[in-house]
Amino acid sequence: QVHLVESGGGSVQAGGSLRLSCAASGYTYSSYCMGWLRQAPGKGLEWVARICYDNSVTHYAERVKGRFTISRDNTKNTLFLQLNSLKSEDTAMYYCAHPISRSSASTSRSDYDYWGQGTQVTVSS
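All of these numbers come straight from a predicted model, not from anything done at the bench.

The rules behind each value
Residue positions within a chain follow its written sequence, with the count starting from 1. Side-chain atom pairs in this predicted model are given and counted only at pLDDT of 80 or more, local residue features only at pLDDT of at least 70, and totals for whole chains, interfaces and linings cover all residues. Hydrogens are left out, water is left out, and the side-chain values use all remaining heavy atoms of the structure. For salt bridges, the criterion is a side-chain nitrogen of Lys or Arg within 4 Å of an Asp or Glu carboxyl oxygen. By the criteria applied, helices consist of DSSP H or I runs no shorter than four residues and strands consist of E runs no shorter than two, each listed in order from the N terminus. Categorising residues by exposure relies on relative accessible area from a 1.4 Å probe, with only protein chains included: less than 20% of the type maximum marks a residue as buried, more than 50% marks it as exposed, and the intermediate range marks it as partly exposed. For this analysis, a ring pair means two rings from Phe, Tyr or Trp (six-membered ring only for Trp) whose centres lie within 6.5 Å, classed as stacked if their planes differ by under 30 degrees, edge-to-face if by over 60, and tilted for the remaining angles. In this analysis the charged atom, NZ for Lys or CZ for Arg, is taken to sit over a ring once it is within 6 Å of the ring centre and within 35 degrees of the ring normal.

Visitor: Got a sec to walk through the pattern of salt bridges? Specific residues and values, please.
Guide: Two side chains bearing opposite charge may form a pair once their charged atoms approach each other closely. Overall, the coordinates contain 5 salt bridges when judged by the stated rule. Here Glu46 and Arg63 are joined by a salt bridge, their closest N and O atoms 3.2 Å apart. Of this pair, Glu46 sits in strand S5 (residues 45-52) while Arg63 sits in the loop between strand S6 (57-60) and strand S7 (68-73), placing them 17 residues apart in sequence. Under the relative-accessibility criterion, Glu46 is labelled partly exposed at 21%. Looking at Arg63, the relative accessible area reads 44%, which means it is partly exposed. In this structure, Asp90 and Arg67 form a salt bridge, with 2.7 Å as the shortest nitrogen-oxygen distance. Here the residue Asp90 occupies a position in the loop between strand S8 (78-83) and strand S9 (92-99), and Arg67 occupies one in the loop between S6 and S7, the gap between them amounting to 23 residues. Residues Asp90 and Arg67 agree in their burial class; the two are buried. Through salt bridges that share partners, Arg38, Glu46, Arg63, Arg67 and Asp90 make up one connected network.

Visitor: Pulling in residues and values, what's your account of the packing of aromatic side chains?
Guide: Pairs of aromatic rings are described using the distance from one ring centre to the other and the angle between the two planes. The full count for this structure, using the stated rule, is 4 aromatic pairs. A network of ring pairs unites the aromatic residues Tyr27, Tyr29 and Tyr32 as a single cluster. Over the face of the ring belonging to Phe80 we find Arg19, whose NZ or CZ atom lies 3.9 Å from the ring centre. In this structure, Arg109 is placed above the aromatic ring of Trp115, and the distance from its NZ or CZ to the ring centre is 5.7 Å.

Listed below in structure tokens is the structure:
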């Protein structure tokens, strides 16, 4: 059974940084791409970033490109998201997600079949 647990969220001022983690278990973690998505209050789910296999393949949403960095440690089955230069519009619940297809982790919510419980990021201006 796939199990994902996020941590690292919190409240920061604009311009600050946070590092989110996602501990994965129940499957061959290194064989799967992984994604981070977020949901702001009153808004729909937004894809943030994806990473495949090792740290050589990464993609970002335009809104976070240059500020966020996705990475993974395949020896510890852990996914990370470094959030820098945070803005108030980054306030959201952040989720890591396991894709149905191991080579996917696309921008579509329907591409994912397992989610963590989320970790809240709140940025004050």
